[in-house]
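A look at the structure
As a plain string of letters, each chain reads:
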Amino acid sequence: MRPTERSFARRIDLTSLQLFVAVCELGSIGRAAEREFIAASAVSKRLSDLEATLETPLLYRHTRGVKLTPAGESLLHHARSVLFSLEKMQAELSEYADGVKGHVRIHANISAIVQFLPEDLGAFSQQHPQVKIDLEEHLSTEVIRAVQEGAADLGICNVGAVAAHELQALPYRTDELVLIVPRGHALARRQSLAFEETLDFDHVGLHANSSIQLAMREAAAAAGRTIRLRIHVTGLDAMCRMIHNGLGVGVMPRRAFTLMHGVGDLECVRLADAWATRDIRLVARDFSTLPLTARLLVDHLRARAEGPETLAA
């Protein structure tokens, strides 16, 4: 942080930010003062001091209340973000007082969450019950961004999304994409097929920016074709139900389909394309600088991936 940035941070008062947000939410200095149990004159003085610090007007004051200036709109956005971060920090720190000995934030794609993480994280939690794990599901591209920006300690996603970024990656799991079709479909009896052969049929797809959907679009473009996408869904169970009801065929990881056995009268067919076998990796800015609890989790996940249960999956 540069000296000018440190000076600015010291001059911004958190109480004034809280009062500013309250005034914006209620549209009145008087109502904000009542809610925050402080004199209206004191609120007005703090807002004036805040404007002087920022060297720009934040509010248009009139007899019926206040209205934000363009600078005020910008400050409101940032003030809410700062106050939310402080609340989150307080919540996390209070957990240490309650006995939590570590905190790991993970962002992972749907393939890792459905196929591997329930068992792997469950086993870790049994061994380390005082370590709290926050897990969020995101697209692989969003996982990468979260790790880059520090919103997540650890990312778990398709390796293709990592290649163009300056992040460290370690092997975790491999998954195989297969074609899901209704039982009795024209392709159901095939042992294996090329993805290009599926392009004559309607498809049920995942989110447009998911790693699976991006790989499918690239494969279709390489064949000089397009995907006849009939519907987008956000989950693999929804995909299975749509396919079962005749809305198209779809592509998903084989193990995910196996784990959801019974969601529809469906068959899976192997895709012969090289891109259908994918690496899922652990991603961090620098594994050596992760907190101890996060490094313990990384070691645990890698050991689980190399264990005998992987072969049985």
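Quick note: structure is the one above.
Model, not experiment: these values are computed from the prediction.

In this section: the overall build of the chain. Per the secondary structure count, the chain includes 13 helices and 12 strands. Over its C-alpha atoms the chain spans a radius of gyration of 26 Å, topping by over 25% the 20 Å that the globule rule assigns to 313 residues. Along the longest, intermediate and shortest principal axes, the C-alpha atoms of the chain span 80 × 45 × 35 Å. The buried share among the 313 residues of the chain stands at 42%. Taking the intrachain contacts of the chain between residues at least 6 apart in sequence as the baseline, contacts between residues at least 24 apart amount to 71%.

Okay, the pairing of strand β3 (residues 102-108) next. Along β3, six of the seven residues are buried, which leaves the element largely enclosed by surrounding structure. Two elements, β3 and strand β5 (residues 154-158), share three bridges in a ladder whose sense is parallel. Bridge pairing links A108 to I156 in β5.

Considering all chains together, one arrives at 18 salt bridges under this definition. One salt bridge connects E176 with R254, and the closest N-O pair in it is separated by 2.9 Å. With E176 in strand β6 (residues 168-182) and R254 in helix α11 (residues 254-259), this residue pair connects regions lying 78 residues apart in the sequence. Using a relative accessible area of 25% as the deciding quantity, one classes E176 as partly exposed. Between D202 and R230 there is a salt bridge, and its shortest N-O distance comes to 3.8 Å. Taken together, the positions of D202 in strand β8 (residues 202-205) and R230 in strand β9 (residues 228-232) put the pair 28 residues apart, joining distant regions of the chain. For D202, a relative accessible area of 26% puts it in the partly exposed group. One salt-bridge network, held together by shared partners, links E25, R35, E36 and R80.

Turning our eyes to something else, we now look at the environment of H207. By the secondary structure assignment, H207 is in the loop between β8 and α9 (211-222). In this structure, the C-alpha to C-alpha distance between H207 and G235, residues 28 residues apart in sequence, is 8.7 Å. Sequence-distant contacts of H207, defined by excluding residues within four places in its chain, comprise L139, Q213, H232 and V233. A polar side-chain atom of H207 sits 3.0 Å from the main-chain amide nitrogen of N209.

Conventions used here
Residues numbered from 1 in each chain as written. Predicted model: local features only at pLDDT ≥ 70, side-chain atom pairs only at ≥ 80, totals over all residues. Heavy atoms only, no water. Helix = DSSP H or I, 4+ residues; strand = E, 2+ residues; numbered from the N terminus. Rg over C-alpha atoms; globule rule 2.2 N^0.38 Å. Buried < 20%, exposed > 50% of the residue type's maximum accessible area, 1.4 Å probe, protein only. Contact = heavy atoms within 4.5 Å. Pairing = 2+ DSSP bridges. Salt bridge = Lys/Arg side-chain N within 4 Å of Asp/Glu carboxyl O. Polar contact = N/O pair within 3.5 Å; in protein donor to acceptor, adjacent residues only side chain to side chain.

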